[in-house]
Amino acid sequence: MIAERSGAAMLELIKVSKEFRTGFLGRNITHAVIDASLCVDRGEIVGLIGESGCGKSTLGRIAVKLLMPSRGRIILDGVDVTDMPENQFRKFRRQMQIIFQHPETALDPQFTLVESILESFNKIGIPKEKQRELLEEISEEVNLPLDIVDRHPNQVSGGEIQRAVLTRVFAFKPRYLILDEPTSMLDVSVQAHILQLLKRKAKQDNMGMLFISHDLEVIRAMCDRVAVMKEGMILEEGMVKEIFNSPKSCYMSQLIENNV
Ligand SMILES: Nc1ncnc2c1ncn2[C@@H]1O[C@H](COP(=O)(O)OP(=O)(O)OP(=O)(O)O)[C@@H](O)[C@H]1O
Ligand SMILES: [Mg+2]
């Protein structure tokens, strides 16, 4: 699968494994991810589903090198970035952003929303005189009301925080976005808005997205392809329609049954 698709611009994870060692002298080993291969093309949304603890977040963090894999390769647009030193990887890091389930942890509680956003703009090197214009542009796109950006994270709703996080992330103009249960803490109507926005963004800006979720309905509505994970392994992967209509693994059939 990976070989067939290589050549196109994409994020590829090739036979990635991750073991965590805990306890006395690291004697307890958790095999969080085992030989997982996955690719995400530009403009494509790939879902990652599976029960709690199966390794989804670990794989998502490896994809942006927040975690190093124990084995396997991370390829970005054809470049093997696995062992690339941080100073060289920096330019790739900007192209790959991650959004977490608990948006409030992404923002410093001591900063107002706008301070957090502008801090990112400064990091990216956006000149001061262009920052206001960019803030207005992106906040309109993500539906973040500008009259609340002077508030601190504890003074706004979860949906508003997630929109502020998206404003920061979109300023980087990422090529790939990892979304780790980005809307599971939000109520249904806010969730729907943010999901629509993400889908539009993926298609408009040709952004590749790895979308981690427990929610099969969200995956079905959002994604082009989906990978099914169990106990650290990817059991099957394919077009959403195929996997949902005729799953190959008993596990996926069970997930679909239990979700109805
Ligand atoms: N830093 C860590 N140290 C030790 N074990 C860890 C660490 N991070 C994750 N694990 C373990 O690795 C396994 C996979 O965890 P992971 O967070 O990737 O699961 P998940 O599929 O994202 O679960 P959920 O759906 O609940 O978010 C779990 O058994 C978890 O306890
Ligand atoms: Mg997780």
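Residues numbered from 1 in each chain as written. Chains lettered and ligands numbered in written order. Predicted model: local features only at pLDDT ≥ 70, side-chain atom pairs only at ≥ 80, totals over all residues.

For the rest of this paragraph, the subject is the nonpolar core. Grouped together as the largest cluster of nonpolar side chains are 65 residues, with contacts concentrated most on M209, L210 and F211. Beyond its immediate chain neighbours, meaning those up to four positions away, L210 contacts V40, V46, L48, G60, A63, I178 and L179. (Core = buried A, V, L, I, M, F, W, Y, C linked by C-beta atoms within 7 Å. Buried ≥ 20, exposed ≤ 12 C-beta atoms within 10 Å, placed from the backbone. Contact = placed C-beta atoms within 7 Å.)

Take the pairing of strand β4 (residues 71-76) next. With five bridges joining them, strand β1 (residues 10-22) and β4 adopt antiparallel strand pairing. Bridged to L13 within β4 is I74. As paired strands, β4 and strand β5 (residues 79-80) are joined by two bridges and run antiparallel to one another. By the bridge assignment for β5, L76 is matched with V79. Between β4 and β5, which pair antiparallel in sequence order, lie two residues; one of them, D77, sits at a positive phi of approximately 45 degrees. (Pairing = 2+ DSSP bridges. Helix = DSSP H or I, 4+ residues; strand = E, 2+ residues; numbered from the N terminus.)

Every residue close to ligand 1 is listed here: F20, T22, T30, A32, G50, S52, G53, C54, G55, K56, S57 and T58. For the shell around ligand 1, the leading source of residues is helix α2 (residues 56-63), giving three residues. Tallied by class, residues from the shell around ligand 1 come to three nonpolar, eight polar and one charged. (Near = placed C-beta within 6 Å. Nonpolar A, V, L, I, M, F, W, Y, C, P; charged D, E, K, R; others polar.)

What follows deals with the packing of helix α4 (residues 113-124) against helix α6 (residues 158-171). The N-to-C vectors of α4 and α6 enclose an angle of 10 degrees; their axes lie 9 Å apart at closest approach. Looking at the two axes, α4 sits roughly parallel to α6. Residues L113, S116, I117, S120, F121 and I124 of α4 form the contact with α6, whose participating residues are A164, T167, R168 and A171. Residue composition of the contact of α4 with α6, by class: six nonpolar, three polar and one charged. (Axes fitted to C-alpha atoms, helices over the stretch in contact; angles between N-to-C directions. Parallel < 35°, antiparallel > 145°, perpendicular 65-115°, else oblique.)

With that out of the way, let us pick up the sheet that holds strand β9 (residues 225-230). Pairing within the open sheet is mixed, and its six strands lie in the order β6-β7-β8-β3-β9-β10. Two strands lie at the open edges of the sheet, namely β6 (96-99) and β10 (233-239), each paired on one side alone. On average, adjacent strands in this sheet sit at an angle of 15 degrees to one another, irrespective of strand direction. With five bridges joining them, strand β7 (residues 176-180) and strand β8 (residues 208-212) adopt parallel strand pairing. When the sheet's bridge partners are listed, D180 is paired in β8 with I212.

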